[in-house]
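Single-letter residue listing:
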Amino acid sequence: MKTGNFYGIGLGPGDPELLTIKAVNTIRNADCIFVPKSDTKEESLALQIVEEYVSRKRIVTQIYPMTKEKNILDAAWKKSAEEVRDEVLKGHDVVYLTLGDPMTFSTYIYLLRHLGALLPNEVIHTIPGITSYNAAACFGNFPLLTGDEKLAVIPVPEDVASLRPVLELFDTVVLMKVAKKLDEVLFLLDDMGLTGNGLFASYIGQKNAFVTCDLLSLKGSGRGYLSVMIVRKNSNTSIG
């Protein structure tokens, strides 16, 4: 029997219209759709994004535990990879959905590591998706880079003060996984005189999307969940 193919597809930040044509065509031609979902959520956002294209597809929902225990997580990813392998070896073309871009801060990478040991490389394909920070920058008409400027993309660390040298060194800094550290980040930016040089966005690509360049207005707002912040050292970010 001929081996099928595996496609890991980046869905972008949440807007179905931000899917690539290649992603849509691959989903339409697939035999089976694998959908990741945490054990704390009732619905999968990934499935909602592509619902227009999967109405007659066989859907396999894979539940992942919300834990930081590496052994538990690794066992879950290994089991998921084995399920994918079984479908591919049956000759099925399999799609795995993941938010954002598959190779940028994505848990898809852990699945890919296991699949690499289970399937030949030539049947494993990854299709890129738009990152949340690219979508946020475009949504807010906020330039990321010009000329020979330097960009850093980092998750907010436990010690927020350690961001200071990064903000001093790079022309643009994208802060991911802001979450509960939002107020601490704002305090640091205020201290460095950078609160007028940034953009904050949350739920980009979704119905409740929120974008603002008034960073100080965010203090105490609790808006850090599913958010990204872009900060420029140069305040000249206006267009036109």
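Rules used throughout
- Residues numbered from 1 in each chain as written.
- Predicted model: local features only at pLDDT ≥ 70, side-chain atom pairs only at ≥ 80, totals over all residues.
- Heavy atoms only, no water.
- Helix = DSSP H or I, 4+ residues; strand = E, 2+ residues; numbered from the N terminus.
- Rg over C-alpha atoms; globule rule 2.2 N^0.38 Å.
- Buried < 20%, exposed > 50% of the residue type's maximum accessible area, 1.4 Å probe, protein only.
- Contact = heavy atoms within 4.5 Å.
- Areas by Shrake-Rupley, 256 points an atom, 1.4 Å probe, with all protein chains shown as cover.
- Lys, Arg positive; Asp, Glu negative; His and termini not counted.
- Charge placed at Lys NZ, Arg CZ, Asp CG, Glu CD.
- Pairing = 2+ DSSP bridges.
- Axes fitted to C-alpha atoms, helices over the stretch in contact; angles between N-to-C directions.
- Parallel < 35°, antiparallel > 145°, perpendicular 65-115°, else oblique.
- Left-handed = near helix turned anticlockwise from the far one by under 90°.
- Core = buried A, V, L, I, M, F, W, Y, C linked by side-chain atoms within 4.5 Å.

Here we come to the overall build of the protein. Each helix and strand counted, the protein has seven helices and ten strands in total. Taken against the 2.2 N^0.38 rule, which gives 18 Å for 240 residues, the C-alpha radius of gyration of the protein at 20 Å falls within 12% of a compact globule. Based on the C-alpha atoms only, the size of the protein along its principal axes is roughly 65 × 40 × 35 Å. Burial statistics for the protein: of 240 residues in total, 42% are counted as buried. In the protein, of all internal contacts separated by at least 6 residues, the share reaching a separation of at least 24 is 71%. Roughly 13,000 Å² of accessible area belongs to the protein as shown, and the carbon and sulfur atoms make up 52% of that amount. In the protein, 25 positive and 28 negative side-chain charges are present, and the distance between their average locations comes to 3 Å.

The subject of this paragraph is the sheet that holds strand β2 (residues 32–38). Here we have five strands laid out as an open sheet, ordered β3-β2-β4-β1-β5, and parallel in their pairing. The sheet terminates laterally at β3 (58–64) and β5 (124–127), the two strands that pair on one side only. Pairwise comparison of adjacent strand axes, ignoring direction, gives a mean angle of 25° for this sheet. Of the strands in this sheet, β1 (6–10), β2, β4 (94–98) and β5 are in contact with helix α1 (residues 21–29), which crosses β1 at around 135°. Lying over the sheet, helix α4 (residues 108–115) contacts β1, β4 and β5, oriented at roughly 165° with respect to β5.

This brings us to the packing of helix α3 (residues 70–89) against α4. One way to put it is that α3 packs onto α4 with a least axis distance of 9 Å and a crossing angle of 60°. Of the possible angle classes, the one that applies to α3 and α4 is oblique. In this structure, α3 crosses over α4, and the sense of that crossing is right-handed. Along its contact with α3, which presents Asp74, Trp77, Lys78, Ser80, Ala81, Val84 and Arg85, the element α4 presents Tyr108, Tyr110, Leu111, His114 and Leu115.

Not every positive phi belongs to a glycine, and Phe105 is a case in point at roughly 50°. Inspection of the secondary structure assignment puts Phe105 in the loop between β4 and α4. Here Phe105 falls in the partly exposed class, since its relative accessible area comes to 40%. Positive phi, close to 55°, is recorded for Tyr203, a residue that is not glycine. If you trace the backbone, Tyr203 turns up in the loop between β8 (198–202) and β9 (210–212). Given a relative accessible area of 22%, Tyr203 falls into the partly exposed group.

Time to look at the nonpolar core. Core analysis: the biggest nonpolar cluster contains 19 residues, and Leu163, Leu167, Leu175, Val185, Leu189 and Met229 have the highest contact counts within it. For this core, the elements supplying multiple residues, two or more each, are β7 (172–176), α7 (182–191) and β10 (227–232). Sorting elements by how many residues they give to this core places α7 first, with five residues.

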